[in-house]
Amino acid sequence: QMQLVESGGGLVQAGGSLRLSCAASGRTFASYIMGWFRQGPGKERDFVAAINWSGESYYAESMKGRFTISRDNAKNSVSLQMDSLKPEDTAVYYCAARYGPLVTRTANYNYWGQGTQVTVSS
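Please read these numbers as outputs of a predicted model, since none were measured by experiment.

**Quick notes on the nonpolar core**
So, step 1. Grouped together as the largest cluster of nonpolar side chains are 36 residues, with contacts concentrated most on Met2, Leu4, Met34, Trp36, Leu80, Met82 and Tyr93.
So, step 2. Where this core is concerned, the elements lending two or more residues are strand 3 (18–24), strand 4 (33–39), strand 5 (45–51), strand 7 (67–72), strand 8 (77–82), strand 9 (91–98) and strand 11 (116–121).
So, step 3. Contact partners of Met34, with chain neighbours within four places excluded, come to Met2, Leu4, Phe29, Ala49, Ala50, Ile51, Ile69, Arg71, Val78, Cys95, Ala96 and Ala97.

Okay, here's the thing in structure tokens:
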């Protein structure tokens with residue numbers, strides 16, 4: 001079992017930055033793939049980024065160069081640094097975890113946080 005709690009969302013102007021954090025419970029955090037997903041108004045939940053135990057990361061195409069995922073296995077945490085934010089980045093952002101290979105499908109992640117709202121104004 002793993003519990004995830006996100007923080008760091010808020011309102012920011014276009015071009016600004018936000019850093020999301022996710023605190024995880026569980027003694028085997030380092031064994032899990034950690035991911036970030038987002039769900040905009042009226043949209044499906046989409047993959048943003050994921051990272052494995054050693055720090056190898058993978059990003060959705062539209063986030064490359066703007067978002068950076070990182071993890072601290074000693075602190076059971078994963079972060080998402082978001083720069084050059086755009087109004088279309090407005091969404092609820094979710095932290096997720098899975099045990100196994102790094103994948104991008106929402107359905108393959110077993111554990112989810114409650115989400116944190118990010119709103120980017122134009």
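**Considerations on the sheet that holds strand 1 (residues 4–7)**
So, step 1. The strand order across the open sheet built from 4 strands is 1-3-8-7, with neighbouring strands paired in antiparallel fashion. The outermost strands of the open sheet, each flanked by one partner alone, are strand 1 and strand 7. If you compare each strand with its neighbour and ignore which way they point, the axes differ by 15° on average.

**What about the environment of Glu6?**
So, step 1. The topology assignment puts Glu6 in strand 1.
So, step 2. When the C-alpha positions of Glu6 and Glu88 are compared, they lie 20 Å apart, and in sequence the two are 82 residues distant.
So, step 3. Ignoring sequence-local partners within four residues, the contact set of Glu6 consists of Ser21, Cys22, Trp36, Tyr93, Tyr94, Cys95, Gly113, Gln114, Gly115 and Thr116.
So, step 4. Among the polar contacts made by the side chain of Glu6, one reaches the main-chain amide nitrogen of Cys95 at a distance of 2.8 Å.

Rules used in this analysis
Residues numbered from 1 in each chain as written. Predicted model: local features only at pLDDT ≥ 70, side-chain atom pairs only at ≥ 80, totals over all residues. Heavy atoms only, no water. Core = buried A, V, L, I, M, F, W, Y, C linked by side-chain atoms within 4.5 Å. Buried < 20%, exposed > 50% of the residue type's maximum accessible area, 1.4 Å probe, protein only. Helix = DSSP H or I, 4+ residues; strand = E, 2+ residues; numbered from the N terminus. Contact = heavy atoms within 4.5 Å. Pairing = 2+ DSSP bridges. Axes fitted to C-alpha atoms, helices over the stretch in contact; angles between N-to-C directions. Polar contact = N/O pair within 3.5 Å; in protein donor to acceptor, adjacent residues only side chain to side chain.

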